[in-house]
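# Structural overview for review
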Amino acid sequence: MDVARNDAPAAPPLTELKHKHLLGIADLSAEEIVLILDTAEAMKEVGRRTIKKVPTLRGRTVINLFFEPSTRTRTSFEIAEKRLSADTLNVAIASSSVVKGETLVDTAMNLEAMSPSMIVLRHASSGACHLLSRICKAAIVNAGDGMHEHPTQALLDAFTIRERKGKLKGLKVAIVGDLLHSRVLRSNVLLLTKLGAEVWVCAPATLIPVGMQQMGVRVTTNVDEAVEGADVIMMLRMQLERMQGGYFPSLREYFTTFGMTEARVKRAKPDAIIMHPGPINRGVEIASEVADGSASVILDQVANGVAVRMAVLYLLAGGTEHETVA
Amino acid sequence: MPVVMDAERISRALTRIAHEILEHNRGLSDLALVGVRSRGVPIAQRIADDLRKISGEEIGVGALDITLYRDDIMGASAGIKPLVRKTEIPFSIDGRTIVLVDDVLYTGRTTRAALDALTDFGRPKSIQLVALVDRGHRELPIKADYVGKNVPTSRQESVQVKLRELDGIDEVVLQGKA
């Protein structure tokens, strides 16, 4: 389907996201994705006001539970929550009972006992959000679980592409970098293919996950082929902290073979945009001139993240407090 | 389905309201119109057109989406939500007389939300209210300054305003209980 902007004048007054939680892009239909993106456009306008706050989530408590380090995502969620007037608090794992050996489930059950409306969870284990969604009454928002999904990142990427290109359908999107360890990759591939983009992925053979071909994308180890004629180049970070060595000879060699340089960008369309979910490793997956160049939308992605997360929180919130939804 | 206003009556009512706005405010300097989405926006645009024809002055028109200020959305069952649309007010409302325009005035809760929303955009000199139809049953102490037509209704009935710009036809229909 085409990603038409939902400006239809006689638009239906009610819309529905048929999920209590946002666990991954895998669960969302193309229509639901477009609903989130359209809602985010209205939310972006709130961010341009002098008073960047609306009363929508007044009296709702949102807990940001982050078991992994994060600057962008946690800050972005917190700003989104505050702009919607939710009461928000952050549980930093270094100062929590997790260091005393408490399990994820016990931590969640104890937080749950204090009646939050939503829990935004980041965890190193794939499936951690699904686990909590089965035991918590609060709505669970996945802020990145292991190597599984990072749905709000894919949504803000799609929002940024749509903002620049007016559509997603038919665009050639080249995703280059550490595919194996990337939850951003998985969420983006799911989303972009649902909305009709032509997705190419590129990495050294050691960093291509098994089954990649079955996800409806073109797979290559030749970065020039991936980038040729692309509308969007999306770079992924080398997740050195998740690697126990041996995936490629050296960072220097990786940059030479796969790094995004100005010369390589020239193979893409003249109006191609460069994206990166951050944090960037300058001189590893991307040259500084490219990251800071005029085609780069890396900081737009960060700005749009707040609007997209506001849209997700708005659409998931609701129901009487602690209503049980099957 | 009785038609309580046809295209001609709507047009005459809006022209009369334009004259009333002009008379009441003794001129149009520092005056701007803000329509409440969806149907308040084309109505505000038409009043602005009438005001221009009468006075020759160009009046600013903004669009206000009040969804994020509503008092009933979080009570709805989870997931079902009104669609949020963009608020577009391309001028400063500080110190201006703002004429808020809505299609139907009923409980007054939409107007309450609109007043809260406007307050977040600045500090107008005053706010006046236009309703094409006032159907009664107020739940808040809110009153329109300019009314197209008073339509006595029961709570079981619904008033539907259809506009050329959005619905292809100009009419106001009163739908009774089945």
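Procedures and definitions
Residues numbered from 1 in each chain as written. Chains lettered and ligands numbered in written order. Predicted model: local features only at pLDDT ≥ 70, side-chain atom pairs only at ≥ 80, totals over all residues. Heavy atoms only, no water. Pairing = 2+ DSSP bridges. Helix = DSSP H or I, 4+ residues; strand = E, 2+ residues; numbered from the N terminus. Axes fitted to C-alpha atoms, helices over the stretch in contact; angles between N-to-C directions. Contact = heavy atoms within 4.5 Å. Buried < 20%, exposed > 50% of the residue type's maximum accessible area, 1.4 Å probe, protein only. Phe/Tyr/Trp six-rings, centres within 6.5 Å; stacked < 30°, edge-to-face > 60°. Lys NZ or Arg CZ within 6 Å of the ring centre and 35° of its normal. Salt bridge = Lys/Arg side-chain N within 4 Å of Asp/Glu carboxyl O. pLDDT = per-residue confidence, 0-100.

## Things to note about the sheet that holds strand β3 (residues 87–92) of chain A
All names here are of chain A. Taking strand neighbours across the sheet as the criterion, the four strands line up as β3-β2-β4-β5 in an open arrangement whose pairing is parallel. Lying at the two open borders of the sheet, with one neighbouring strand each, are β3 and β5 (139–145). Each strand of the sheet is rotated relative to its neighbour by a mean of 15°, with strand direction disregarded. Where strand β2 (residues 61–66) and β3 come together, six bridges link them in parallel fashion. Bridging across to β3, Leu65 finds its partner in Val91. Packed onto the sheet, helix α4 (residues 128–135) meets β4 (118–123) and β5 and runs at close to 170° relative to β5.

## Section: the side chain of Arg49 of chain A
For Arg49 of chain A, the position within the fold is in the loop between α1 (30–47) and β2. Judged by relative accessible area, which is 6%, Arg49 of chain A ranks as buried. Residues contacting Arg49 of chain A, with those up to four places away along its chain left out, are Val54 of chain A together with Tyr69, Thr87 and Phe121 of chain B.

## A word on the packing of aromatic side chains
We describe a pair of aromatic rings using the distance from one ring centre to the other and the angle between the two ring planes. Tallied over the full model, the rule gives two aromatic pairs over all chains. Ring geometry for Phe248 of chain A and Tyr254 of chain A: centres 5.3 Å apart, planes at 45°, overall tilted. Accessibility assignment for this pair places Phe248 of chain A and Tyr254 of chain A in one class, buried. Plain terms: the ring middles of Tyr254 of chain A and Phe258 of chain A are 5.3 Å apart, the flat faces sit at 20° to each other, and that makes the pair stacked. Of this pair, Tyr254 of chain A and Phe258 of chain A both sit in helix α8 (residues 251–258), four residues apart, roughly one helical turn. The class of Tyr254 of chain A is buried, set by a relative accessible area of 2%. By way of ring pairs, the aromatic residues Phe248, Tyr254 and Phe258 of chain A are connected into one cluster. Sitting over the ring of Tyr106 of chain B, Arg135 of chain B keeps its end group 3.8 Å from the ring centre.

## A word on the sheet that holds strand β1 (residues 3–5) of chain B
All names here are of chain B. Here we have three strands laid out as an open sheet, ordered β1-β9-β8, and antiparallel in their pairing. Two strands lie at the open edges of the sheet, namely β1 and β8 (158–162), each paired on one side alone. The sheet shows a mean angle of 30° between the axes of neighbouring strands, taken without regard to direction. Of the pairings in the sheet, the one linking β1 to strand β9 (residues 171–175) comprises two bridges and is antiparallel in character. Across the sheet, the residue bridging to Met5 is Val172, located in β9. Of the strands in this sheet, β1 and β9 are in contact with helix α1 (residues 7–25), which crosses β1 at around 30°.

## As for the environment of Val91 of chain A
Residues and elements named next belong to chain A. Of note, Val91 is situated in strand β3. Val91 gets classed as buried once you look at its relative accessible area, which sits at 16%. In this structure, the C-alpha to C-alpha distance between Val91 and Leu65, residues 26 residues apart in sequence, is 5.1 Å. Those residues in contact with Val91 that lie beyond four places of it in its chain are Ile63, Asn64, Leu65, Phe66, Ser96 and Leu111.

## Observations concerning the pattern of salt bridges
Throughout the structure, instances matching the rule amount to 31 salt bridges over all chains. One salt bridge connects Glu228 of chain A with Arg267 of chain A, and the closest N-O pair in it is separated by 3.1 Å. In this pair, Glu228 of chain A is assigned in the loop between α7 (223–227) and β9 (232–235) and Arg267 of chain A in the loop between α9 (262–265) and β10 (273–275), connecting sequence segments 39 residues apart. Glu228 of chain A sits in the partly exposed class, given a relative accessible area of 42%. Take Arg267 of chain A: its relative accessible area is 37%, and that puts it in the partly exposed class. The partner of Glu8 of chain B in a salt bridge is Arg12 of chain B, with the nearest N and O atoms 3.7 Å apart. A residue pair is termed a helical-turn pair when its members lie 3 or 4 positions apart in one helix, as Glu8 of chain B and Arg12 of chain B do in helix α1 at four residues. Overall, Arg12 of chain B belongs to the exposed group, its relative accessible area being 51%.

## Observations regarding the confidence of the model for chain A
All names here are of chain A. For chain A, per-residue confidence averages 90 on the pLDDT scale, and residues scoring 70 or more make up 93% of the total. Per-residue pLDDT stays below 50 along residues 1–13; that stretch engages in 33 contacts with residues further than four places along the chain or on separate chains. Counting interchain partners and residues more than four positions distant, the pLDDT-below-50 stretch residues 320–326 has 14 contacts.

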